[in-house]
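Understanding the architecture of this molecule
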Amino acid sequence: MSATLLVDIGQLVTLRSAGDGPRRGASLSELGIIQDAAVLCIGGKIVSVGTTKDALRDPWLKKNRKKIVEIDCGGRVVLPGFVDSHTHPVFMQPRLVDFEKRISGASYEEIAEAGGGIRSSIDGVRKASKSALTQKVSAVLADLASHGTTTVEAKSGYGLSLESEMKSLEAIRAAAHEWPGTVVPTFLGAHAVPPEYRVHSQERSQQYVDLVCNEMLPVVAKRKLAQFVDVFSDRGAFSAEETAQIFAAAERHHLALRAHVGQLSEMRLGPLLRYQPASLDHMDYVNDADLPALAQTDTVATLVPGANYFLGLSRYPDARRFIAAGVAVALATDYNPGSSPTLSMPMAMSLACTHMKMSPAEAIAAATINGAWAVRLAGSKGSVEAGKDADLAVFEDSDYREVPYWFGANRCVLTIMNGVPSGPLW
Ligand SMILES: [Zn+2]
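First, a word on what this report is: a plain description of the structure on this page. Bear in mind that the values here come from a model prediction, so they are computed numbers and not experimental data. (Residues numbered from 1 in each chain as written. Predicted model: local features only at pLDDT ≥ 70, side-chain atom pairs only at ≥ 80, totals over all residues. Heavy atoms only, no water.)

Examining helix H5 (residues 118-127)
Within H5, the full set of buried residues consists of Ile118, Ser121, Ile122 and Val125. Axial view of H5: buried residues confined to an arc of 100°, hence all on one face. Taken together, the buried residues of H5 touch helix H6 (130-146) and helix H7 (162-178). (Buried < 20%, exposed > 50% of the residue type's maximum accessible area, 1.4 Å probe, protein only. Helix = DSSP H or I, 4+ residues; strand = E, 2+ residues; numbered from the N terminus. Arc of directions from axis to C-beta. Contact = heavy atoms within 4.5 Å.)

Here is the structure:
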């Protein structure tokens, strides 16, 4: 069994347990920092956490030192590996038409007419082979790891036909199999109504919802291709009623739930909370009256400021309002070709600090332990504690606040995923 000992950690951010449930309010700032720390990992699990001095005095460690791989962290900062709880990695091409057209002031419709928009991603996925998609997802996973992410939620959603959605989920599964980190697959057949169903609006939209519920979902469940079902619930996407239909169908198949909500317009949360989703994501537009009910649940509000940044919006999700109300907030990249082409959790955290006024400590908790809650893996991910998976990220920094401070540069020098190290320091 492989054993790794990290020593001489300048600041180890443990995020060790601060009570039950996801972090809320003041507990978001309790990082549980250990100075001059050491972490022992055996067989992919964290076995002990403490100071370097104590670790080097430990009789078992002294006796077995030759068999243990020792990594000197040189006084650097070590965090729990990031849990990126919202990504769309299954696509073939960047959307450069959208990028350039949007800069020049084109509308969504004008971008679509110029051959951009979600349509171009759908065409790309439908035409691609499973192995081509798998290669794309594998490259994304490698890139995520190099930025400190060790657990990632990965959605389908650019196939939007039975065959192409299953192909997308199979690509996620195949890529996950080769990656030492942890992948949480999500079926997002209800990402958009595909072009062939858009002809006669409402009636055809219901036909596509029926396809998702009656044909796609049973295959996803039977083949265990996803743990979560997600719905893009918003103006111009799926209505509250359609979302409820899809949630009810997913529940019948024992799949867990999450949704994109409030990116473009306000939608009341009550009807969705009834289904106990693990996470509601974006949340740019939320009715104040819904916050007390949301705060009573373990449903996480996952904020994705990379999308606001890349779309050039001046408005960001109101993180302070959520935190003040006791809502559990997480941060994620929303990695996707249309609105958030970044794999960097430190970038998302930097935006959370500068544009959403979250403190560096809150941003770290939101990117680790609360991300783990958002994918229902808080029992094994998101903090550095004995018994949890050995998922760690080492940064070229001596103070944790530097992680969101040095924006636009990757300062992660080592990632350990389920005990497997990779990166320049290794
Ligand atoms: Zn998304």
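Some remarks on the sheet that holds strand E12 (residues 300-303)
Spatial strand order, E6-E7-E8-E9-E10-E11-E12-E13: eight strands in an open sheet with parallel pairing. Strands at the two margins of the open sheet, each flanked by one partner only, are strand E6 (82-87) and strand E13 (329-331). Across the sheet, the axes of successive neighbouring strands diverge by a mean angle of 25°, strand direction being ignored. Where strand E10 (residues 256-261) meets strand E11 (residues 279-282), four bridges bridge the pair, whose relative direction is parallel. (Pairing = 2+ DSSP bridges. Axes fitted to C-alpha atoms, helices over the stretch in contact; angles between N-to-C directions.)

What about the coordination of the zinc ion?
Within the protein, the zinc ion binds to His86 (NE2), His88 (NE2), His260 (NE2) and Asp334 (OD); these donor distances fall in the range 2.0 to 2.6 Å. Spacing between the donor residues of the zinc ion along the chain follows H-x1-H-x171-H-x73-D. Here His260 is found in strand E10, whereas its partner Asp334 is found in the loop between E13 and helix H14 (345-356), with 74 residues between them in sequence. Both residues of the pair, His260 and Asp334, belong to the buried class. (Donors = N, O, S within 2.8 Å, 3.2 Å for Na, K, Ca; no water.)

Considerations on the packing of aromatic side chains
By convention here, two paired aromatic rings are described through the distance between centres and the angle between planes. All chains considered together, the criterion is met by eight aromatic pairs. Look at Phe91 and Tyr335: their rings are 5.6 Å apart centre to centre, the planes differ by 40°, and that puts the pair in the tilted class. Here Phe91 is found in the loop between E6 and helix H3 (96-103), whereas its partner Tyr335 is found in the loop between E13 and H14, with 244 residues between them in sequence. Neither Phe91 nor Tyr335 differs from the other in exposure class; each is buried. Among the aromatic residues, those joined into a ring-pair cluster are Phe91, Tyr158 and Tyr335. (Phe/Tyr/Trp six-rings, centres within 6.5 Å; stacked < 30°, edge-to-face > 60°.)

Structural notes on the pattern of salt bridges
Applying the stated rule across the entire model yields 22 salt bridges. Across the pair Glu170 and Arg223 runs a salt bridge, and its minimum N-O distance is 2.7 Å. Here Glu170 is found in helix H7, whereas its partner Arg223 is found in the loop between helix H8 (202-222) and strand E9 (228-233), with 53 residues between them in sequence. The buried category is assigned to Glu170, whose relative accessible area is 19%. Residues Asp391 and Lys381 are paired through a salt bridge, measuring 2.8 Å at the closest nitrogen-oxygen approach. (Salt bridge = Lys/Arg side-chain N within 4 Å of Asp/Glu carboxyl O.)

Describing the environment of Pro195
For Pro195, the position within the fold is in the loop between strand E8 (182-190) and H8. Through-space distance from the C-alpha of Pro195 to that of Ser17 is 47 Å; in sequence the pair is 178 residues apart.

A few points about the packing of H6 against H7
Between H6 and H7, the shortest axis-to-axis distance is 8 Å and the interhelical angle comes to 50°. The orientation of H6 relative to H7 falls into the category oblique. In the packing of H6 onto H7, the handedness of the crossing is right-handed. Of H7, the residues touching H6 (which contributes Lys130, Leu133, Thr134, Val137, Ser138 and Leu141) are Lys167, Glu170, Ala171, Ile172, Ala174, Ala175 and Ala176. Taken together, the residues that form the contact of H6 with H7 break down as eight nonpolar, two polar and three charged. (Parallel < 35°, antiparallel > 145°, perpendicular 65-115°, else oblique. Left-handed = near helix turned anticlockwise from the far one by under 90°. Nonpolar A, V, L, I, M, F, W, Y, C, P; charged D, E, K, R; others polar.)

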